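As a plain string of letters, each chain reads:
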Amino acid sequence: PAALPPAPFGFTDVNLNSRNTYEVSRRRSAPEHLPHGGTAAPAPPQEPAERARRVGIAAAGSSFAEFFTRNFFTKRAKELKPAVQSAPGWKLFGKVPPRENLPKDSKVIQQEYEARTGRMYKPPPPSARRKNIEFEPLSTTALILEDRPANLPAKSVEEALRHRQEYDEMVAEAKKREIKEAHKRKKIMRERFKQEDNIASAMVIWVNEILPNWEGMRATRRVRELWWQGLPPSVRGKVWSLAVGNELNITPELYEIFLSRAKERWKSFSETSSENDIEDACASVADREASLELIKLDISRTFPSLYIFQKGGPYHDLLHSVLGAYTCYRPDVGYVQGMSFIAAVLILNLEEADAFIAFANLLNKPCQLAFFRVDHSMMLKYFATFEVFFEENLPKLFLHFKSYSLTPDIYLIDWIFTLYSKSLPLDLACRVWDVFCRDGEEFLFRTGLGILRLYEDILLQMDFIHIAQFLTKLPEDITSEKLFSCIAAIQMQNSNKKWAQVFASLMKDNKEGDKNHSPALKS
């Protein structure tokens, strides 16, 4: 047969007419010369053989293009397969199909399981259900009812029944927990509402009956019982001021005078650069402790969780002023660490000048003065008196402490220095302050015995180190009801002698006081 003329030169043209499809075509190269009209000359008529030859070449070119499309663009082609869309999703440059295999709800899983097994779950009758308590299992709870994947062995009937039983047990336990927590929340709310009602009714009595007739009613049995239950916050500051008194006859004008002196002193401290000048200005220990740096440091550590006394807080400057004015008012005492907590509690309940007056008079009480002036002999007498009532009320724990040579100063100093405002939650500490203003220093030591009684069983299982750590940082979940019930159980009477009588008898015998001293204070 005659040889066919060579096929004209051509190339495969890949046109990207859209984002998601490729069009592959084969065309001839453009003729080199065009007529003057700007259009290509019409092609001459073709013979059947020539047409068949050209169709074969085109088919070969098409299969060649399909080969490249199939091998080089396989991943893209798979991505472009149409997906069944129930509802179009959206992204930045167009619609995308929504996610398939969305997580099933636990109820749907349970229904599918019941449809496969033919067993229906019968809920308990409505009368047996608890009202107002809703529970729905977590979405992962019902996964135990699902069949295994196809590449794993299928569940047996026994295993499926066991999983169903385990699922029912999990749901039942979860319901019990939910019911218990719901009842606990309701109980807390009922107690809170009851407490608010009691506070509201007590406030009316304090405002309308007691405060207008303070001197005549403060010592009555009715007022003392109301006092024990806790003072309403709205009258707490006023009652504290009246109970503490003002034996020092401090006036708001006097406070302003000492505050201005403190500000001048701070200014001189800030202008003084050498340590020698500061030592000359602060010759005594009290003056050195009253330095601005120590007060600043202590203020930053006063009720840090409240964020109101730290620098930038609403009460920072106020607390700084009260403490600074006191150091100028009582240079013989100066500033001692722990004072900031007492001043802070007073500031939260009183105006600035009234807080300073109450603060100065409170620290002038014999017990506070002995501790803040670090009068060792007086402090030893207080500790010895405390141990007398400790042994009387808690003999087993007293012997346990004695076996470890654990003396009261290890835990009592921090409690007395801050009046429990650092060791107890603030609201509970304020209630301790309420009765302290009523009963005086005796209640501070009675509160300490109440804390030991509350945690007696725990402390009996501890050694020296753990007891000291535990009493230094008491549990935060301590409640006023539990603590005050333990305080009420403490009897402040020994051999028909009350606290003041025991303390006075120890004061007379200095030798006996020295025998009951604490090693920590001696050092």
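The structure presented is a predicted model; accordingly, all values stated were derived computationally and were not measured.

> Any chance you could break down the UniProt feature "coiled-coil region" (unreviewed entry) in the chain for me, citing the residues and the numbers?
Look at the UniProt record and you will see "coiled-coil region" (unreviewed entry) annotated at residues 157-192. In residues 157-192, helix accounts for 100% and strand for 0%; the two terminal C-alpha atoms are 53 Å from one another.

> Any chance you could break down the nonpolar core for me, citing the residues and the numbers?
For soluble globular proteins, nonpolar side chains are generally found buried alongside one another. The biggest cluster of nonpolar side chains holds 113 residues, and the ones touching the most others in it are Trp206 and Leu452. Those residues in contact with Trp206 that sit more than four places away from it in its chain are Leu211, Pro212, Trp214, Val223, Leu226, Trp227, Leu231, Pro232, Val235 and Val239.

> Tell me about a nonpolar patch on the surface, residues and numbers included.
A contiguous nonpolar surface patch, about 220 Å² in accessible area, is contributed by Met203, Val204 and Val207. Among the structural elements, Val204 can be located in helix H4 (residues 157-210). Residue classification places Val204 among the partly exposed positions, given a relative accessible area of 43%.

> Describe the pattern of salt bridges, and please don't skip the residues or the numbers.
Per the stated rule, a full pass over the model turns up 12 salt bridges. Across the salt bridge formed by Arg162 and Glu166, the nearest N and O atoms sit 3.9 Å from each other. In this pair, Arg162 and Glu166 both sit in helix H4, four residues apart, roughly one turn of the helix. Of the residues examined, Arg162 reaches a relative accessible area of 41% and is grouped as partly exposed. The residue Asp439 makes a salt bridge to Arg438 at a minimum N-O spacing of 2.7 Å. Residue Arg438 is classed as buried on the basis of its relative accessible area of 17%. Each member of the salt-bridge network shares a partner with another, and the members are Arg224, Arg438 and Asp439.

Rules of the game
Residues numbered from 1 in each chain as written. Predicted model: local features only at pLDDT ≥ 70, side-chain atom pairs only at ≥ 80, totals over all residues. Heavy atoms only, no water. UniProt positions renumbered as here; feature names shortened; annotations may be inferred. Helix = DSSP H or I, 4+ residues; strand = E, 2+ residues; numbered from the N terminus. Core = buried A, V, L, I, M, F, W, Y, C linked by side-chain atoms within 4.5 Å. Buried < 20%, exposed > 50% of the residue type's maximum accessible area, 1.4 Å probe, protein only. Contact = heavy atoms within 4.5 Å. Patch = residues over 30% accessible without salt bridge, like charges linked within 9 Å, V, L, I, M, F, W, Y side chains within 5 Å. Areas by Shrake-Rupley, 256 points an atom, 1.4 Å probe, with all protein chains shown as cover. Salt bridge = Lys/Arg side-chain N within 4 Å of Asp/Glu carboxyl O.

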